[in-house]
Amino acid sequence: QRTGRQIDGRSELGLVGRSVDSVGAKAIHAGLTELGAVARYVGARLGRVQSEDGDPLEVEVTMETMPSVVFDAVAVPGGDAAAKALGDLGHAAEFIVGAYRHCKPILALGAGRHFVENAGVPATLPSGDPDPGLLLFDDAQLKSALPAFVGAIAKHRHNAREMDPPPV
């Protein structure tokens, strides 16, 4: 798999909050890991986060100790309560804005889209074209979201969004 080799060894993370959609979070984590990426769950605190379906996810690093700039890409799984919980955290918004400013690929699924949009990240480039590094999918589009995210990660940076000074 050519694309898989292009992301081998890259570090990606899933930003999770309580009541996260574990189906989406686990599918992204497993899919990226299978392709050789180093996928991790990041949250406000270390420990377990209870998912929507009651299945706990283990937060491996915190937003405070590992900012988004040290990762190659960020994924935000769905879950209404998780998106609201992340939206209440200034660190979470800063995390997304930092990834955006550093031209990193960002994937947001379901309610995670609302969190990313509310963080102030524009979905279009200064030209008005869609940002190919900002992937916004509904939960039902998970199967097509992962390959699109892998393709965005393989391109590494999405410099078309780079601006000085940055808008967010």
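Everything below is about the structure printed above this text.
Below is a summary of the structure that appears in this document. (Residues numbered from 1 in each chain as written. Predicted model: local features only at pLDDT ≥ 70, side-chain atom pairs only at ≥ 80, totals over all residues. Heavy atoms only, no water.)

## A closer look at the sheet that holds strand β5 (residues 61-62)
Now for step 1: Taken in spatial order, the six strands line up as β5-β2-β1-β6-β7-β8 in an open sheet, and their pairing is parallel. At either margin of the open sheet sits one strand with a lone partner, and together these are β5 and β8 (134-137).
Now for step 2: Each of β1 (11-15), β2 (38-43), β6 (73-76) and β7 (106-109) touches helix α2 (residues 22-34); the most contacted strand, β2, lies at about 150° to it.
Now for step 3: Strand contacts of helix α6 (residues 142-154): β1, β6, β7 and β8, with the helix running at about 175° to β8, the strand carrying the most contacts. (Pairing = 2+ DSSP bridges. Helix = DSSP H or I, 4+ residues; strand = E, 2+ residues; numbered from the N terminus. Contact = heavy atoms within 4.5 Å. Axes fitted to C-alpha atoms, helices over the stretch in contact; angles between N-to-C directions.)

## Overview of the environment of Glu34
Now for step 1: Following the sequence through the fold, Glu34 ends up in helix α2.
Now for step 2: In the structure, Glu34 is positioned 26 residues away from Asp8 in sequence and 9.3 Å away in space, judged by C-alpha atoms.

## Structural notes on the nonpolar core
Now for step 1: Of all hydrophobic cores here, the largest spans 24 residues; its most connected members are Leu15, Val76, Ile96, Phe115 and Val116.
Now for step 2: If you list the elements that add at least two residues to this core, you get β1, β6, α3 (80-87), α4 (90-101), β7 and α5 (111-118).
Now for step 3: Top contributing element to this core by residue count: α4, with six residues.
Now for step 4: For Phe115, the residues in contact, after removing those within four places along its chain, are Leu15, Val76, Ala83, Leu86, Gly87, Ala92, Ala93 and Ile96.
Now for step 5: Listed in part, the 20 residues of the second largest apolar core include Ile28, Leu109, Phe137 and Ile153. (Core = buried A, V, L, I, M, F, W, Y, C linked by side-chain atoms within 4.5 Å. Buried < 20%, exposed > 50% of the residue type's maximum accessible area, 1.4 Å probe, protein only.)

## Observations concerning α5
Now for step 1: Buried within α5 we find Ala111, Gly112, Phe115 and Val116. The buried residues of α5 occupy an angular sector of 150° when projected down its axis, which confines them to one face.
Now for step 2: Next to the buried residues of α5 lie β1, β6, α3, α4, β7 and β8.
Now for step 3: Trailing α5 by a residue or two, Gly120 shows a phi angle of about 95°, which is positive. (Arc of directions from axis to C-beta.)

Limitation: the analysis is restricted to geometry and does not speak to function.
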